[in-house]
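# Coordinate inspection notes
Below are the chains, spelled out letter by letter.
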Amino acid sequence: MAAFLAADGGSDTGGPRPLTTDEASRLAITRFRNYQARGRAVTITVPGAAGGLTVTGSVDYRRKVGYGVVHGTGRDRSSDGLIQWTPTAVHVRPMADAPAHAPAAPPGSGWYDRPLLSSGSALDTSLSIALGLGGDRPDNAELLPQNGAAWWGREQVAGHRVDVMTGPSSPDHSGTAGRVRYWIGSDGTMYRVRVSVGSQPEPVVIDFDTHEYVPVRPLPGTTPAR
């Protein structure tokens, strides 16, 4: 699901080449690492022809729920505000002067609910992708190279030495190998993901550990997912 992203520095682009056994093992556990951590701090950069959006917040990979603040980039502030989302629903609270980080306890009123769209919205697609980057078990390391996963290089991301790898073809969409690019540390920790989305000219970029992780609390009046 993505294209190449310029390095923070120290780039070593010797690829593409097939994954080694160790690289395949790290790619296989990277989503499981997020699940083991329970949650990660994320910054989601969403492309858009009329200007992009940036979501700064946290994702709980056990409960499959995210929470943060949205800011428009290169556009008006009509989309700014707080946001909480699950695989099926989006809750938004518009704010004329949205803070840099969402309050740890979501406000008790002012929320609007809508379904999470499965297509036609770069924001909703980006939110869904972010939730999908955690899994309750490792992937099959032996199948990843067979289905087109590859190594592309080594880089530095936020002070971490990482390997850049592309994911395999989707099980139900052959020929899609390489559409997702992962920046993965030596222990399998995911530090960045870049994904191409539909007809958008630029990819979605999800960076991890860009700020302190704050556990996601349910909105007042809602039942926490389990």
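Just so it is clear, the structure is predicted and the values come from calculations on it, not from any experiment.

### Examining the overall build of the chain
Per the secondary structure count, the chain includes three helices and 12 strands. Scored against the burial criterion, the 226 residues of the chain give a buried share of 45%. For the chain, the share of sequence-separated contacts (at least 6 apart) that also reach a separation of at least 24 residues comes to 57%. Element-wise, carbon and sulfur atoms account for 52% of the exposed surface of the chain, whose accessible area totals about 10,800 Å².

### Quick notes on the pairing of strand S3 (residues 52-60)
Extensive coverage of S3 is indicated by the burial of nine of its nine residues. Here S3 shows no split at all, with Gly 52, Thr 54, Thr 56, Ser 58 and Asp 60 on one side and Leu 53, Val 55, Gly 57 and Val 59 on the other all buried. With eight bridges connecting them, strand S2 (residues 39-46) and S3 associate as antiparallel partners. If you follow Gly 39 over to S3, its bridge partner there is Asp 60. The turn joining S2 and S3, which pair antiparallel and follow one another in sequence, is formed by five residues; a positive phi near 115° is taken by Gly 51.

### Remarks on helix H2 (residues 122-131)
Along an α-helix, residues three or four apart share an orientation, since each turn contains 3.6 residues. In terms of burial, H2 is largely enclosed, as eight of its 10 residues are buried. When we look at burial in H2, the residues that qualify are Ala 122, Leu 123, Asp 124, Ser 126, Leu 127, Ile 129, Ala 130 and Leu 131.

### Some remarks on the environment of Pro 106
Topologically, Pro 106 is positioned in the loop between strand S6 (89-94) and strand S7 (112-115). Residues Pro 106 and Leu 219 lie 113 residues apart in sequence; the distance between their C-alpha atoms is 6.0 Å. The residues contacting Pro 106, other than those within four sequence positions of it, are Tyr 67, Gln 84, Trp 111, Arg 217, Pro 218, Leu 219 and Pro 220.

### Quick word on the pairing of strand S9 (residues 160-166)
The element S9 is extensively covered by neighbouring structure, given that five of its seven residues are classed as buried. One ladder, built from seven bridges, connects strand S8 (residues 150-157) with S9; its direction is antiparallel. Paired with Val 157 across the two strands is His 160, which belongs to S9. Hairpin geometry of S8 and S9 is characterised by an intervening segment of two residues between the two adjacent antiparallel strands and by a positive phi of about 50° at Ala 158. Both S9 and strand S10 (residues 180-184) contribute to a ladder of four bridges, which runs antiparallel. Paired with Asp 163 across the strands is Ile 184, a residue of S10.

### Observations concerning the sheet that holds S6
In spatial order, the strands read S1-S8-S9-S10-S11-S12-S2-S3-S4-S5-S6-S7; together these 12 strands make up an open sheet with antiparallel pairing. Of all strands in the sheet, those with a lone pairing partner are strand S1 (17-18) and S7, marking the two edges. Relative to S9, helix H1 (residues 21-36) is tilted by about 105°, and along the sheet it contacts S1, S2, S8, S9, S10, strand S11 (190-195) and strand S12 (204-208). Of the strands in this sheet, S2, S3, strand S4 (65-73), strand S5 (81-85), S6, S7, S11 and S12 are in contact with H2, which crosses S2 at around 155°.

### Brief notes about the packing of aromatic side chains
Considering all chains together, one arrives at one aromatic pair under this definition. In this arrangement the basic side chain of Arg 17 is found over the ring face of Trp 151, its NZ or CZ atom lying 4.0 Å from the centre. Between the NZ or CZ atom of Arg 192 and the centre of the ring of Trp 183, over which it lies, the distance is 5.7 Å.

### So, the pattern of salt bridges
Evaluation of the coordinates by the stated rule reveals 11 salt bridges. Where Glu 23 meets Arg 17, a salt bridge forms, and the shortest distance between an N and an O atom there is 2.8 Å. Owing to a relative accessible area of 3%, Glu 23 belongs among the buried residues under this scheme. Residue class for Arg 17 comes out partly exposed when judged on its relative accessible area of 26%.

### As for the side chain of Asp 124
For Asp 124, the position within the fold is in helix H2. The class for Asp 124 is buried, based on a relative accessible area of 0%. A polar contact of 2.7 Å, which involves the side chain of Asp 124, links it to the backbone nitrogen of Leu 117. Among all residues touching Asp 124, those that are not within four sequence positions of it are Val 90, Arg 114, Pro 115, Leu 116 and Leu 117.

Analysis parameters
Residues numbered from 1 in each chain as written. Predicted model: local features only at pLDDT ≥ 70, side-chain atom pairs only at ≥ 80, totals over all residues. Heavy atoms only, no water. Helix = DSSP H or I, 4+ residues; strand = E, 2+ residues; numbered from the N terminus. Buried < 20%, exposed > 50% of the residue type's maximum accessible area, 1.4 Å probe, protein only. Contact = heavy atoms within 4.5 Å. Areas by Shrake-Rupley, 256 points an atom, 1.4 Å probe, with all protein chains shown as cover. Pairing = 2+ DSSP bridges. Axes fitted to C-alpha atoms, helices over the stretch in contact; angles between N-to-C directions. Phe/Tyr/Trp six-rings, centres within 6.5 Å; stacked < 30°, edge-to-face > 60°. Lys NZ or Arg CZ within 6 Å of the ring centre and 35° of its normal. Salt bridge = Lys/Arg side-chain N within 4 Å of Asp/Glu carboxyl O. Polar contact = N/O pair within 3.5 Å; in protein donor to acceptor, adjacent residues only side chain to side chain.

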